[in-house]
Amino acid sequence: DVSNPKPHGEPILKALKKMNVQDKKNSWMIGDTNLDIKSAKNAKINHIAVLGGYESRQDLLKHTDQICNNVLEAVQKIDDF
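All values derive from a computational prediction rather than experimental measurement.

Help me understand the sheet that holds strand E2 (residues 46–50), please; the structure alone is not making it clear to me.
Strands pair in a sheet through their backbones, by hydrogen bonds, and they do so in one of two ways: parallel or antiparallel. In spatial order, the strands read E1-E2-E3; together these three strands make up an open sheet with parallel pairing. What marks the edges here is a single partner per strand, and that holds for strand E1 (28–31) and strand E3 (67–68). Packed on one face of the sheet, helix H2 (residues 34–43) meets E1 and E2 and runs near 175° to E2.

Encoded structure:
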């Protein structure tokens, strides 16, 4: 329930508010589309793209160089930060 859907940052910011997140520096968006990555950037949080069939690596590379093959790999990469 947002006024501004992705790629606006509002959906992410609203979710963070509902989870009582005070400091966004440790917040991450794992997404499989350019809209997810743009939304994370607009919300000023960290992001990682995953290959899930919605967009190709080449398309995602236009928006980020943080790309993993799957969610498990993304979570492991986040854990390394």
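Moving on, there is more to tell.
Please explain the pattern of salt bridges as it appears in this structure.
Once their charged atoms are close, side chains differing in charge can pair, the charge on each being opposite to the other. Scanning the model with the defined rule gives two salt bridges in all. Linking Asp36 and Lys6 is a salt bridge whose minimum nitrogen-to-oxygen distance equals 2.5 Å. One end of the pair, Asp36, is in helix H2; the other, Lys6, is in the segment before helix H1 (10–18), with 30 residues separating them in the sequence. Among the residues examined, Lys6 registers a relative accessible area of 40% and is labelled partly exposed.

Help me understand unusual backbone geometry, please; the structure alone is not making it clear to me.
Comment: phi is negative for the bulk of residues other than glycine, and the bulk of peptide bonds are trans. Cis geometry marks the peptide bond from Lys6 to Pro7; its omega dihedral reads 20°. By the secondary structure assignment, Pro7 is in the segment before H1. The backbone phi angle of Asn20 is positive, close to 55°, even though this residue is not glycine. Mapped onto the elements of the fold, Asn20 is located in the loop between H1 and E1. Positive phi, normally seen in glycine, also occurs at Lys44, with a value near 60°. With a relative accessible area of 66%, Lys44 lands in the exposed category.

When you look at the pairing of E1 in this model, what are you seeing that I'm missing?
The two faces of the sheet receive side chains in turn, since in a regular strand these alternate between them. Side-chain alternation along E1 places Met29 and Gly31 on a buried face and Trp28 and Ile30 on a face that remains uncovered. Here four bridges tie E1 to E2, and the two strands are oriented parallel to one another. Bridge pairing links Gly31 to Ala49 in E2. At this point the chain moves from E1, through H2, to the parallel E2, and the crossover so formed is right-handed.

Conventions and cut-offs
Residues numbered from 1 in each chain as written. Predicted model: local features only at pLDDT ≥ 70, side-chain atom pairs only at ≥ 80, totals over all residues. Heavy atoms only, no water. Pairing = 2+ DSSP bridges. Helix = DSSP H or I, 4+ residues; strand = E, 2+ residues; numbered from the N terminus. Contact = heavy atoms within 4.5 Å. Axes fitted to C-alpha atoms, helices over the stretch in contact; angles between N-to-C directions. Salt bridge = Lys/Arg side-chain N within 4 Å of Asp/Glu carboxyl O. Buried < 20%, exposed > 50% of the residue type's maximum accessible area, 1.4 Å probe, protein only. Right-handed = clockwise from strand over helix to strand, strands pointing away.

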